[in-house]
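Coordinate inspection notes
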Amino acid sequence: AQSVTQPDIHITVSEGASLELRCNYSYGATPYLFWYVQSPGQGLQLLLKYFSGDTLVQGIKGFEAEFKRSQSSFNLRKPSVHWSDAAEYFCAVGRAYNTDKLIFGTGTRLQVFP
Amino acid sequence: GAVVSQHPSRVICKSGTSVKIECRSLDFQATTMFWYRQFPKQSLMLMATSNEGSKATYEQGVEKDKFLINHASLTLSTLTVTSAHPEDSSFYICSATEGSQPQHFGDGTRLSIL
């Protein structure tokens, strides 16, 4: 069965610290992988996506993610967190060559302390 | 680019009434639109997929007579919650995609049924 697991429900970091949000997936085909961010009461904004090629992808707002096929992981990283990064982060997976039917993880809530 | 507008952002209505939510792609033609539902502190659950000019495809467990979806043009899809009840209260989010591009999300609609 297709699924996405985000093991960390809630993460707290200090401003300026590095960040890594974990994402593991179970998918029968070559996955399209996404990270979205959601601020309270708002929709989702795409941070980055991986389709193929270089396994380290760069996104907006200084985020990057690395696809590791052997570990079925697509972890999101940022070297230095800003207070404005506090939000809910969702990892998602879709079918190869088609972004229909995204399957989302349960999300990780990021809290940033000054 | 790739802006999706969702209206209204918030609606409060009495039990038994019907509520219509609009989802518009402002600067691209959305070949496919998606409707998601998000419960508090939970992930997004796909309700249905709609393609312009054809009937929506509903996910298992979603009542098609309860949640009417119309995708009349390449820039507009509507979700009508018919005879709404308190258990229908939720955050509804639409997304749109053109071809194989990633889904772009609206800001969501907070529906509260009294």
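You'll find the structure just up there.
Throughout what follows, the structure given in this document is the object of discussion. (Residues numbered from 1 in each chain as written. Chains lettered and ligands numbered in written order. Predicted model: local features only at pLDDT ≥ 70, side-chain atom pairs only at ≥ 80, totals over all residues. Heavy atoms only, no water.)

**A closer look at the overall build of chain B**
Within chain B, the regular secondary structure consists of zero helices and eleven strands. When the helices and strands of chain B are read in sequence order from the N terminus, they spell out β-β-β-β-β-β-β-β-β-β-β. Taken over the C-alpha trace, chain B has a radius of gyration of 13 Å; the compact-globule value for 114 residues is 13 Å, and the two agree within 12%. Across its three principal directions, the C-alpha atoms of chain B cover 40 × 25 × 20 Å. (Helix = DSSP H or I, 4+ residues; strand = E, 2+ residues; numbered from the N terminus. Rg over C-alpha atoms; globule rule 2.2 N^0.38 Å.)

**Quick look at the overall build of chain A**
Counting secondary structure elements, chain A contains zero helices and twelve strands. From first element to last, N terminus to C terminus, chain A shows the α and β order β-β-β-β-β-β-β-β-β-β-β-β. For chain A, the residues scored as buried account for 47% of the 114 residues in total. Considering only intrachain contacts with a sequence separation of at least 6, the fraction spanning at least 24 residues in chain A is 54%. Summed over all atoms, the accessible surface of chain A reaches about 5,500 Å², with 49% contributed by carbon and sulfur. Across chain A, the 10 positively charged side chains and the 9 negatively charged ones have centroids separated by 6 Å. (Buried < 20%, exposed > 50% of the residue type's maximum accessible area, 1.4 Å probe, protein only. Contact = heavy atoms within 4.5 Å. Areas by Shrake-Rupley, 256 points an atom, 1.4 Å probe, with all protein chains shown as cover. Lys, Arg positive; Asp, Glu negative; His and termini not counted. Charge placed at Lys NZ, Arg CZ, Asp CG, Glu CD.)

**Some thoughts on the sheet that holds strand β7 (residues 67–73) of chain B**
Residues and elements named next belong to chain B. Taken in spatial order, the four strands make up an open sheet running β1-β3-β8-β7, and their pairing is antiparallel. Edge strands, defined here as strands with exactly one partner in the open sheet, are β1 (4–7) and β7. Direction aside, the axes of adjacent strands within the sheet are offset by 15° on average. In the sheet, β7 pairs with strand β8 (residues 76–81) via five bridges, with the strands oriented antiparallel. What sits directly across from Leu-68, in β8, is Thr-80. (Pairing = 2+ DSSP bridges. Axes fitted to C-alpha atoms, helices over the stretch in contact; angles between N-to-C directions.)

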